Amino acid sequence: MSSLDFEGDYGHTYTKSIRHSVPGYDVLHEISIAAVRATVATASRVLVVGPGPGDQLNNLLKACRDAQFFVLEPSEQMLNLCRKAVTAAADRERCVLIQGALEEATLTSLGPENFNLVICHNVLHLFEEAQQVPMLRLLAQSTAVRGTLLLSSYSEPDEQNAAEQIMNVGLQRLRDRGLTDTQVDAISTTRNRVVFSMNSAVVSRVLLSENLSAPLQLYQGLFSRLW
């Protein structure tokens, strides 16, 4: 599991720092909400895995107006921020907040019925590949027949030279955003040590093996992909 401290300083600064580390973070979520509205607005059951501070929960509640939401977040601090995010929502009673990991929740809190919509943004890359695959299977298995699974993750291309060139552009972007060399170096050293690439071919293979459709890539910003 990632060494990022969601209960400490990293969690406190998440809303700001995530926009440095995930290029096009807000655009990614904008496209994700558009995909929900276009394909599954009539969902009755929605699972959100690892929502962080819950920035998008109110938009999701508005996009799926008749759905019961199950929000699964392992970090106590992040879950408290989710709770604050939905407090002002008129339909907050449709949102069930659960602290825990996906593996545990599929056996206990979520019940036997699958979900019309499953959303998991910027979570899979916090696990090494050996852990990514079983988690991806659980996400797929939680998705109902003709349901929708939305994923985003850090994902490098297979060709190493291309990956290095994109990395150089990404690090320059951080400098252009005003980060110091020390901050840029700190982010750079997390690559495949704290944040692990999600192989797009693996995503396709696992989803097809679980009888889902081949993933459609909706967006890419440097190493950040949305399927």
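All values derive from a computational prediction rather than experimental measurement. (Residues numbered from 1 in each chain as written. Predicted model: local features only at pLDDT ≥ 70, side-chain atom pairs only at ≥ 80, totals over all residues. Heavy atoms only, no water.)

(A) Region of interest: the overall build of the chain. The helix and strand inventory of the chain stands at ten helices and seven strands. Taken over C-alpha atoms, the radius of gyration comes to 17 Å for the chain, in line with the 17 Å a tight globule of 227 residues would show. Principal-axis analysis of the C-alpha atoms places the extent of the chain at approximately 45 × 40 × 30 Å. Within the chain, the proportion of its 227 residues that are buried is 49%. Residue pairs at least 24 apart in sequence account for 75% of intrachain contacts in the chain once pairs closer than 6 positions are excluded. As displayed, the chain offers around 11,200 Å² of accessible surface, 51% of which is attributable to carbon and sulfur atoms. Across the chain, the mean location of the 19 positive side-chain charges is 6 Å away from that of the 24 negative side-chain charges. (Helix = DSSP H or I, 4+ residues; strand = E, 2+ residues; numbered from the N terminus. Rg over C-alpha atoms; globule rule 2.2 N^0.38 Å. Buried < 20%, exposed > 50% of the residue type's maximum accessible area, 1.4 Å probe, protein only. Contact = heavy atoms within 4.5 Å. Areas by Shrake-Rupley, 256 points an atom, 1.4 Å probe, with all protein chains shown as cover. Lys, Arg positive; Asp, Glu negative; His and termini not counted. Charge placed at Lys NZ, Arg CZ, Asp CG, Glu CD.)

(B) View of the packing of aromatic side chains. One pass over the full model with this rule turns up five aromatic pairs. Ring geometry for tyrosine 10 versus tyrosine 14: centroids 5.8 Å apart, planes at 85°, classification edge-to-face. An aromatic cluster of three or more residues is present, and its members are Phe6, Tyr10 and Tyr14. Of note, arginine 45 hangs over the ring of phenylalanine 115, and the distance from its end group to the ring centre comes to 4.2 Å. (Phe/Tyr/Trp six-rings, centres within 6.5 Å; stacked < 30°, edge-to-face > 60°. Lys NZ or Arg CZ within 6 Å of the ring centre and 35° of its normal.)

(C) Structural context of the sheet that holds strand S5 (residues 143-154). The strand order across the open sheet formed by seven strands is S3-S2-S1-S4-S5-S7-S6, and the pairing between neighbours is mixed. Each end of this open sheet is capped by a strand with a single partner; those strands are strand S3 (95-99) and strand S6 (219-221). Direction aside, neighbouring strands of the sheet carry axes that sit 10° apart on average. Where S5 lies against strand S7 (residues 224-226), three bridges are found, and the strand directions are antiparallel. The partner of tyrosine 154 across the bridge, within S7, is serine 224. (Pairing = 2+ DSSP bridges. Axes fitted to C-alpha atoms, helices over the stretch in contact; angles between N-to-C directions.)

(D) Looking closely at the environment of glutamine 217. With respect to the secondary-structure elements, glutamine 217 resides in the loop between helix H10 (200-209) and S6. A sequence separation of 166 residues divides glutamine 217 from proline 51, and the C-alpha atoms of the two residues are 20 Å apart. Among the polar contacts made by the side chain of glutamine 217, one reaches the side chain of glutamine 220 at a distance of 3.1 Å. Here the side chain of glutamine 217 touches arginine 225 through a polar contact of 3.3 Å, side chain to side chain. (Polar contact = N/O pair within 3.5 Å; in protein donor to acceptor, adjacent residues only side chain to side chain.)

(E) Up close: the pairing of S5. Of all twelve residues that make up S5, nine are buried, and the element is covered over most of its length. On the question of chirality, the crossover connecting strand S4 (residues 115-121) to the parallel S5 by way of helix H7 (residues 129-141) is right-handed. (Right-handed = clockwise from strand over helix to strand, strands pointing away.)

(F) Representation of the side chain of serine 152. With respect to the secondary-structure elements, serine 152 resides in strand S5. Judged by relative accessible area, serine 152 falls into the buried class, the value being 0%. Among the polar contacts made by the side chain of serine 152, one reaches the side chain of histidine 121 at a distance of 2.8 Å. Ignoring sequence-local partners within four residues, the contact set of serine 152 consists of Leu28, Cys120, His121, Asn122, Val123, Arg225 and Leu226.

(G) Region of the structure containing helix H2 (residues 14-21). The complete set of buried residues in H2 reads Tyr14, Ser17, Ile18 and His20. End-on, the buried residues of H2 take up no more than an arc of 155°, which puts them together on one face. Buried-residue contacts for H2 involve helix H1 (9-12), helix H3 (25-39) and helix H8 (160-176). (Arc of directions from axis to C-beta.)

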